[in-house]
Each structure stands twice: as structure tokens, then as C-alpha cells.
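So the chains spell out like this:
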Amino acid sequence: MDPDTNYEVVVTLYNNEYNFAAVQNYYLADTVFNIGGGTQSAAYDQTILTTLETNLNNLGWTRIASYAAATAAPNTIFVRSGEFTTTTTQVDCGYGYYGGWYYPDYYCDYSYTYTTGTINISFADLSIPQTDGKTLVEWNATLNGLTNSSGGSTGGTPQTRITNGINQAFTQSPYLK
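Residues numbered from 1 in each chain as written. Predicted model: local features only at pLDDT ≥ 70, side-chain atom pairs only at ≥ 80, totals over all residues. Heavy atoms only, no water.

Caption draft 1: Focus on a nonpolar patch on the surface. A cluster of nonpolar side chains, contributed by Val-9, Val-11 and Leu-13, occupies part of the molecular surface with about 250 Å² of accessible area. In this structure Val-9 comes out as partly exposed when scored by relative accessible area, which is 39%. (Patch = residues over 30% accessible without salt bridge, like charges linked within 9 Å, V, L, I, M, F, W, Y side chains within 5 Å. Areas by Shrake-Rupley, 256 points an atom, 1.4 Å probe, with all protein chains shown as cover. Salt bridge = Lys/Arg side-chain N within 4 Å of Asp/Glu carboxyl O. Buried < 20%, exposed > 50% of the residue type's maximum accessible area, 1.4 Å probe, protein only.)

Caption draft 2: Quick look at the nonpolar core. Grouped together as the largest cluster of nonpolar side chains are 26 residues, with contacts concentrated most on Ile-121, Phe-123, Trp-139 and Phe-170. In terms of nonpolar packing, the next biggest core, distinct from the first, is built from five residues, Ala-29, Ile-64, Ala-70 and Phe-78 among them. (Core = buried A, V, L, I, M, F, W, Y, C linked by side-chain atoms within 4.5 Å.)

Caption draft 3: Structural detail: the packing of helix H1 (residues 45-58) against helix H3 (residues 158-171). Running from amino to carboxyl end, H1 crosses H3 at an angle of 30 degrees, the nearest separation of the two axes being 10 Å. The pairing of H1 with H3 is recorded here as roughly parallel in orientation. Seen from above, H1 lies across H3 with right-handed handedness. Residue-level contacts link Thr-47, Ile-48, Thr-51, Leu-52, Asn-55 and Leu-56 of H1 to Gln-159, Ile-162, Thr-163, Ile-166, Asn-167 and Phe-170 of H3. Considered class by class, the residues forming the contact of H1 with H3 number six nonpolar, six polar and no charged. (Axes fitted to C-alpha atoms, helices over the stretch in contact; angles between N-to-C directions. Helix = DSSP H or I, 4+ residues; strand = E, 2+ residues; numbered from the N terminus. Parallel < 35°, antiparallel > 145°, perpendicular 65-115°, else oblique. Left-handed = near helix turned anticlockwise from the far one by under 90°. Contact = heavy atoms within 4.5 Å. Nonpolar A, V, L, I, M, F, W, Y, C, P; charged D, E, K, R; others polar.)

Caption draft 4: Molecular detail of the environment of Trp-61. Note on placement: Trp-61 falls in the loop between H1 and strand E3 (62-63). When the C-alpha positions of Trp-61 and Tyr-26 are compared, they lie 6.5 Å apart, and in sequence the two are 35 residues distant.

Caption draft 5: Structural detail: the packing of aromatic side chains. Evaluated as defined, the whole model comprises ten aromatic pairs. Ring geometry for Phe-20 versus Tyr-175: centroids 5.9 Å apart, planes at 45 degrees, classification tilted. Of this pair, Phe-20 sits in the loop between strand E1 (9-14) and strand E2 (25-34) while Tyr-175 sits in the segment after H3, placing them 155 residues apart in sequence. With relative accessibility at 3%, the residue Phe-20 sits in the buried group. Note on Tyr-175: relative accessible area 23%, which makes it partly exposed. Arranged with centres 5.6 Å apart and planes meeting at 65 degrees, the rings of Tyr-67 and Phe-78 form a pair that is edge-to-face. With Tyr-67 in helix H2 (residues 67-72) and Phe-78 in strand E4 (residues 76-98), this pair connects stretches of sequence that are eleven residues apart. Judged by relative accessible area, which is 46%, Tyr-67 ranks as partly exposed. Cluster of aromatic residues (ring-pair linked, three or more members): Tyr-14, Tyr-18, Phe-20 and Tyr-175. Sitting over the face of the ring of Phe-33, Arg-80 holds its NZ or CZ atom 3.8 Å from the ring centroid. (Phe/Tyr/Trp six-rings, centres within 6.5 Å; stacked < 30°, edge-to-face > 60°. Lys NZ or Arg CZ within 6 Å of the ring centre and 35° of its normal.)

Caption draft 6: Looking closely at H3. With 14 residues, H3 should cover 20 Å at 1.5 Å per step; its first-to-last C-alpha distance of 19 Å lies within 8% of that length. Taken together, the buried positions of H3 are occupied by Pro-158, Arg-161, Ile-162, Gly-165, Ile-166, Ala-169 and Phe-170. (Expected span 1.5 Å × (residues − 1).)

No statement about biological role is implied by the geometric values presented.
See the structure below:
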């Protein structure tokens, strides 16, 4: 079994006290940020941003292109996305067996490499005062395994899996409407 075939996960968390029904506008950062701990592939940026924009528009929200204008507009959510990819190489080693006893040297007979990718999407309402100097996140989606190397458990290209994963994040978040 290829270890990266079963890691496609979509998790969404939200502030159940936030009134998403009041949101009318959104500002979507036009950059997919690198999340610490891995590398970023700009190859998926456009897919991430386009799919986010489509889902946000489908909520009936209006995109505000300017950050300055968005900070002045009421009922605006600020959307930020990030991505990172990690590659892992696993080597299987064991003790050698010879003539009824195990010798202490390891032998390594099998290795494999797999890549997983994580996408994070966050919504913040900048009109809410910060807590301890930190902006509160009202909604967060984390999608793992979508930019992996093998096609994952659902197959298809990374772009298809990213689109399906982001769509799933919005589908499992009906409170955004």
C-alpha cells in the first residue's frame, strides 16, 4: 500500500457564536501563503484562489478587491489561504538472521517516498477587536493530502482533488449561508 493514498481529509472548524448570516462581503488575499514546515508549490495557487472565489460568490457574498476598501466596508470577512507540501522517505530496516542467531547490523531492503500537501483556509472579521493582540479566526478549513504525489484515494490530478476538497469544506459548512 502506498502510504499517501488514504490521507485526503477535510476538517472545518468555526466559531458558533459568530453570525455568518450578517456577512455580505469578503476580501480574498490574492496570494497563497507558505505555511511554515514545508515547501510551497505555486502550481496550485490559481486553483486554490479560483475555487475559493467561486464558493464565496456562491454564498452570495461580494468580493472587495482592495484591502483598504474592505477594512472600511461593513460585514466583511477576510479570507486567507496557505499551502505546504512535505516529502517523506521511509526506509524499512531489520535485524539480520544468520544460522539461528540475529546479528546486530541492520539491513535495509525496502524504501519508499511519499508526498502530502496541506491547504489551510481561514476567515477573520477584522472589525472584531483583537484578543491578546491576536485576530480571531471565525472559520477554518484544513485540507490534507490533496497535493500528494500518487493521486490519493480519490484519484485525479492535484488540481481536481484541491477543487473537490475546497468544495467539500464549503458543503460541510452550511452555517456559512
